[in-house]
Amino acid sequence: MKRLTPAEQERITATVRRAEQWTSGEIVPLIVDAADPYPSADLLGGLAGLFLVLIVWLWLPIAWQPLPVTITLLAGLLAGWSLTHFTPPLKRAILGPRLATQEVYQRAVQAFFEHGLINTRDRTGILILVALLERRVQVLADAGIHAKVPDGTWDEVVRLVLDGIKRGSLADGMAAAIERCGQILAKDFPRQPDDTNELPDEPILENR
């Protein structure tokens, strides 16, 4: 999945500003390379590489010598680790959908506190997190929003992001999702005369 270009980042910032003109809600888009570094997945890939090299050695009709065998096994371990670490589809396959979903949710909860969404005056912060490695989207709304808006409402927002990704444009999906968030929030949380912009409008981009 491609990362956002500077022009796309500016587009998303402008979309957040437009959406927040009609609501007291604070919309925060966050894009992370991965919800977690997953060192265990890299290790499994390395062990798979080592195991494959070991099988090859067992089939070779030559005498085993400690130094060549050790070097070859270490090379297999390193090759498997590197292939897993630098090949997102392979790493995603090793993780499995359940673990990926759990880690993305946990990362969203952590980010909610890290980026101050918990501190808005009326508890009206809403986070849209996109995890590039896992290809998952998590929407979290603070207590003020949660009290009035059912959880299932945000499924549409998630679908809008994923639809954009499927079409090859994360920016399109994010923009559509942010606009829809603004529409949903404007109904129960209209902008107040004394409303201030409590959180940055720019998308947050994180590498892990």
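Residues numbered from 1 in each chain as written. Predicted model: local features only at pLDDT ≥ 70, side-chain atom pairs only at ≥ 80, totals over all residues. Heavy atoms only, no water.

What about the packing of helix 7 (residues 155-166) against helix 8 (residues 170-188)?
(1) Moving on: Across the interface, helix 7 lies against helix 8 with an axial gap of 6 Å and an inter-helix angle of 160°. By the angle between their directions, the pair helix 7 and helix 8 is classed as roughly antiparallel. Both helix 7 and helix 8 take part in a crossing whose hand is right-handed. Packed against helix 7, whose contacting residues are Glu156, Val157, Leu160, Val161, Gly164 and Ile165, the element helix 8 presents Leu170, Gly173, Met174, Ala176, Ala177, Arg180, Cys181 and Ile184 at the interface.
(2) Moving on: Per-class residue counts for the contact of helix 7 with helix 8 are 10 nonpolar, 2 polar and 2 charged. (Axes fitted to C-alpha atoms, helices over the stretch in contact; angles between N-to-C directions. Helix = DSSP H or I, 4+ residues; strand = E, 2+ residues; numbered from the N terminus. Parallel < 35°, antiparallel > 145°, perpendicular 65-115°, else oblique. Left-handed = near helix turned anticlockwise from the far one by under 90°. Contact = heavy atoms within 4.5 Å. Nonpolar A, V, L, I, M, F, W, Y, C, P; charged D, E, K, R; others polar.)

Notes on the pattern of salt bridges
(1) Moving on: The full count for this structure, using the stated rule, is 12 salt bridges.
(2) Moving on: Notably, a salt bridge pairs Glu179 with Arg18, separated by 3.8 Å at the nearest N-O pair. Pair noted here: Glu179 is in helix 8 and Arg18 is in helix 1 (residues 6-20), with a separation of 161 residues, a long-range link.
(3) Moving on: On the accessibility criterion, Glu179 (39% relative accessible area) is partly exposed.
(4) Moving on: The partner of Arg180 in a salt bridge is Glu156, with the nearest N and O atoms 3.1 Å apart. You can see Arg180 sitting in helix 8 and its partner Glu156 sitting in helix 7, a full 24 residues away along the chain.
(5) Moving on: Salt bridges sharing common partners tie together Arg17, Asp201 and Glu202. (Salt bridge = Lys/Arg side-chain N within 4 Å of Asp/Glu carboxyl O. Buried < 20%, exposed > 50% of the residue type's maximum accessible area, 1.4 Å probe, protein only.)

Describing the nonpolar core
(1) Moving on: Judged by nonpolar contacts, the single largest core of 28 residues is most densely connected at Ile128, Val130, Trp154, Val161 and Leu170.
(2) Moving on: Only helix 1, strand 1 (26-32), strand 2 (125-131), strand 3 (136-141), helix 7 and helix 8 provide two or more residues apiece to this core.
(3) Moving on: Broken down by element, this core gets its largest block of residues, 8 residues, from helix 8.
(4) Moving on: Core analysis: the next-biggest nonpolar cluster, separate from the first, contains 19 residues, Val28, Ala34, Leu95 and Ala108 among them. (Core = buried A, V, L, I, M, F, W, Y, C linked by side-chain atoms within 4.5 Å.)

Some remarks on the packing of aromatic side chains
(1) Moving on: In this structure the tally under the stated criterion is 1 aromatic pair.
(2) Moving on: With a centroid separation of 6.5 Å and an interplanar angle of 80°, the aromatic rings of Trp81 and Phe86 are classed as edge-to-face.
(3) Moving on: Note on Trp81: relative accessible area 34%, which makes it partly exposed.
(4) Moving on: When the ring centre of Phe189 is taken as reference, the NZ or CZ atom of Lys148 above it lies at 5.3 Å. (Phe/Tyr/Trp six-rings, centres within 6.5 Å; stacked < 30°, edge-to-face > 60°. Lys NZ or Arg CZ within 6 Å of the ring centre and 35° of its normal.)

A few points about unusual backbone geometry
Excluding glycine, a negative phi dihedral is what most residues carry, and trans is how most peptide bonds are arranged.
(1) Moving on: Phi is positive for Tyr38, close to 50°, though the residue is something other than glycine.
(2) Moving on: Among the secondary structure elements, Tyr38 is positioned in the loop between strand 1 and helix 2 (39-59).
(3) Moving on: The phi angle at Arg123 is positive, at roughly 55°, despite the residue not being glycine.
(4) Moving on: Within the secondary structure, Arg123 is located in the loop between helix 5 (97-114) and strand 2.

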